[in-house]
Amino acid sequence: MSPHDVLVIVPAHNEVESLPATLAAIRRAAPAVDVLVVDDGSKDGTSEVARTHGVPVLSHAVNLGVGGALQSGFRYAVERGYAIGVQLDADGQHDPADLGALLAPLREGRCDVCIGSRYVARSGYRAPLARRLGMLLFSGVVRLALGRRISDTTSGYRAYSLAVMRVCEHDFPKDFPDAPLLISLARRGFRLQEVPVTMRERAAGQSFYTLGKKLYYPYKNLLASLMALLRRPA
Amino acid sequence: MFLSRTQVIVALAAVGLALFVLDLVRRRKLSEEYSLLWVLATVVVAVLGFSTPLLRTITRALGILYEGSTVFAVGLAFATAGLLYLSVKMSRISFENHALTREVAFLRLAVQELRGDAAAARDRGNA
């Protein structure tokens, strides 16, 4: 499997400040992988910045959320025949140096989705209390649903096989890239695995999750998880 | 036939709303599709508001004590149905919006790549 079989998908929303450093870090850590930036309705010229770095850009005219950005990235990867797609945040939280660790289980055919987890090994990352409670909750939901533990259900650092991307490209738990996605993927028979990664505080810019979304998120994710369980996997 | 003050007010308001809805359709501010629910709702409320015997029968059948409450209950039922209908509609529109936004993003990229190819071909031609 050549490095060009791997596409790193970078969902970005108003990330002019941190995107150049993130793209440079990917170049340094993995010079040969292809990168795609999905500009999810940014108002700050994120697309232009990405283009000046010589990276192809899919730019959404309006904001669709991480899920929508990811779905566009998957479609691009499927259309251009990539074997693996890696989701990596634009804000500098995800260290491209971990790419190798994330790709290895997929390349060896040991799993279909490889999740970069903050909790498999000690990484020094400590989330705010509310966030930790939320993650505990969804870890519990996934455990109930799948009968196994996923330590970091909200990690946005994941690698997906082509088969997974083919399914997700048109059938995706709409803007729910977390617990509901994992549940629906596992129910389709895809194998999930976690590997330890280091996570940093976001370098700059704003999180996808505003206050309103923070309150709405637990409700939406619980309901979507339930629906992922009730729907017949296609 | 005796009409209570509430019934008269409700009935007049219903007629007024119906006229307003029809005028909105005339001015193309409201589509025929959405106007149907509104016209239906106002007609039912108006009929109940005016015709006391029918209203009395329904009120007794439902076990409601005051006839005015029946009118309001029916109005509320329509409002609820209308809101649910709109929520479903909105969800579909947001889904379609999602698909369209992604489609445009892919077209934008395709245009950019075609432009790049054209520019490269021009450069080769000039060289």
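Residues numbered from 1 in each chain as written. Chains lettered and ligands numbered in written order. Predicted model: local features only at pLDDT ≥ 70, side-chain atom pairs only at ≥ 80, totals over all residues. Heavy atoms only, no water.

Under an unreviewed UniProt entry, the name given to chain B is DUF2304 domain-containing protein, and the organism recorded is Eiseniibacteriota bacterium.

The name given to chain A in an unreviewed UniProt entry is Glycosyltransferase family 2 protein, with the source organism recorded as Eiseniibacteriota bacterium.

K.L.:
What am I meant to see in the overall build of chain B here?
P.N.:
Across its full length, chain B holds 4 helices and 0 strands. Element order for chain B, N to C, with α for helix and β for strand: α-α-α-α. Taken against the 2.2 N^0.38 rule, which gives 14 Å for 127 residues, the C-alpha radius of gyration of chain B at 27 Å runs more than 25% over that of a compact globule. The principal-axis extents of the C-alpha atoms in chain B amount to approximately 95 × 30 × 15 Å. For chain B, restricting intrachain contacts to residue pairs at least 6 apart in sequence, the fraction spanning at least 24 positions comes to 60%. In the form shown here, chain B has an accessible surface area of approximately 8900 Å², with 70% of it arising from carbon and sulfur atoms. (Helix = DSSP H or I, 4+ residues; strand = E, 2+ residues; numbered from the N terminus. Rg over C-alpha atoms; globule rule 2.2 N^0.38 Å. Contact = heavy atoms within 4.5 Å. Areas by Shrake-Rupley, 256 points an atom, 1.4 Å probe, with all protein chains shown as cover.)

K.L.:
What am I meant to see in the interface of chain A and chain B here?
P.N.:
Interface size, as often reported, equals the accessible area lost upon joining of the parts. Contacts between the two partners involve 18 residues from chain A and, on the opposite side, 13 residues from chain B. Along the contact surface separating chain A from chain B lie 2 salt bridges. In this structure, the salt-bridge partner of Arg80(A) is Glu113(B), at a minimum N-O distance of 2.8 Å. Counting the contacts that link chain A with chain B gives 6 residue pairs in polar contact (both at pLDDT 80 or more). When residues of the side of chain A that touches chain B are traced back to their parent elements, those giving at least two are strand S3 (57-60) and helix H3 (66-79) of chain A. With 6 residues, H3(A) is the largest single contributor of residues to the side of chain A that touches chain B. The residue makeup of the side of chain A that touches chain B, split by class, is 7 nonpolar, 5 polar and 6 charged. (Salt bridge = Lys/Arg side-chain N within 4 Å of Asp/Glu carboxyl O. Polar contact = N/O pair within 3.5 Å; in protein donor to acceptor, adjacent residues only side chain to side chain. Nonpolar A, V, L, I, M, F, W, Y, C, P; charged D, E, K, R; others polar.)

K.L.:
Is there a simple way to think about the side chain of Gln87(A) in this case?
P.N.:
All names here are of chain A. By secondary structure assignment, the location of Gln-87 is in strand S4 (residues 84-87). Reaching out from Gln-87, the side chain makes a polar contact with the side chain of Tyr-160 at a distance of 2.7 Å. Setting aside its immediate chain neighbours within four residues, Gln-87 contacts Ile-9, Val-66, Leu-70, Gly-156, Tyr-157, Arg-158 and Tyr-160.

K.L.:
Help me out: how do you make sense of the sheet that holds strand S2 (residues 34-40) of chain A in this one?
P.N.:
Two orientations exist for strands paired in a sheet by backbone hydrogen bonds: parallel and antiparallel. Residues and elements named next belong to chain A. Here we have 7 strands laid out as an open sheet, ordered S3-S2-S1-S4-S6-S5-S7, and mixed in their pairing. If you trace the sheet from one side to the other, it starts and ends with S3 and strand S7 (192-196), each paired once. With strand direction ignored, the average angle separating the axes of adjacent strands in the sheet is 20 degrees. Summarising the sheet, strand S1 (residues 6-12) and S2 pair through 6 bridges and their orientation is parallel. Across the sheet, residue Val-8 finds its bridge partner in S2, namely Val-35. In the packing of helix H1 (residues 19-29) onto the sheet, contacts are made with S1 and S2, and the angle to S2 comes to roughly 160 degrees. Packed on one face of the sheet, H3 meets S1, S2, S3, S4 and strand S6 (158-161) and runs near 145 degrees to S2. (Pairing = 2+ DSSP bridges. Axes fitted to C-alpha atoms, helices over the stretch in contact; angles between N-to-C directions.)

K.L.:
What's the story with the UniProt feature "transmembrane region" (unreviewed entry) in chain B in this structure? I'm lost.
P.N.:
In the numbering adopted here, UniProt assigns the feature "transmembrane region" (unreviewed entry) to residues 6-25, 37-58 and 64-86 of chain B. Each end of residues 37-58 of chain B is marked by a C-alpha atom, and these two atoms are 22 Å apart; helix forms 95% of the span and strand 0%. (UniProt positions renumbered as here; feature names shortened; annotations may be inferred.)

K.L.:
How do you make sense of unusual backbone geometry when you look at a structure like this?
P.N.:
Residue Asn14(A) is not a glycine yet carries a positive backbone phi of 50 degrees. A positive phi angle, close to 60 degrees, is found at Arg28(B), a residue other than glycine. Position of Arg28(B) relative to the elements: it lies in the loop between helix H1 (5-26) and helix H2 (32-50).

K.L.:
Is there a simple way to think about the packing of helix H5 (residues 129-146) of chain A against helix H7 (residues 179-187) of chain A in this case?
P.N.:
Helix packing for two helices is described by the angle between their axes and how far apart those axes are. Residue and element names in this part refer to chain A. Following both chains from N to C, one finds H5 and H7 inclined at 15 degrees, their axes separated by 10 Å at the closest point. The orientation of H5 relative to H7 falls into the category roughly parallel. Judged by the sense of rotation from one axis to the other, the crossing of H5 with H7 is right-handed. On H7, the residues touching Phe-138, Val-141, Val-142, Ala-145 and Leu-146 of H5 are Ala-179, Leu-182, Ile-183, Ala-186 and Arg-187. For the contact of H5 with H7, the per-class residue count stands at 9 nonpolar, no polar and 1 charged. (Parallel < 35°, antiparallel > 145°, perpendicular 65-115°, else oblique. Left-handed = near helix turned anticlockwise from the far one by under 90°.)

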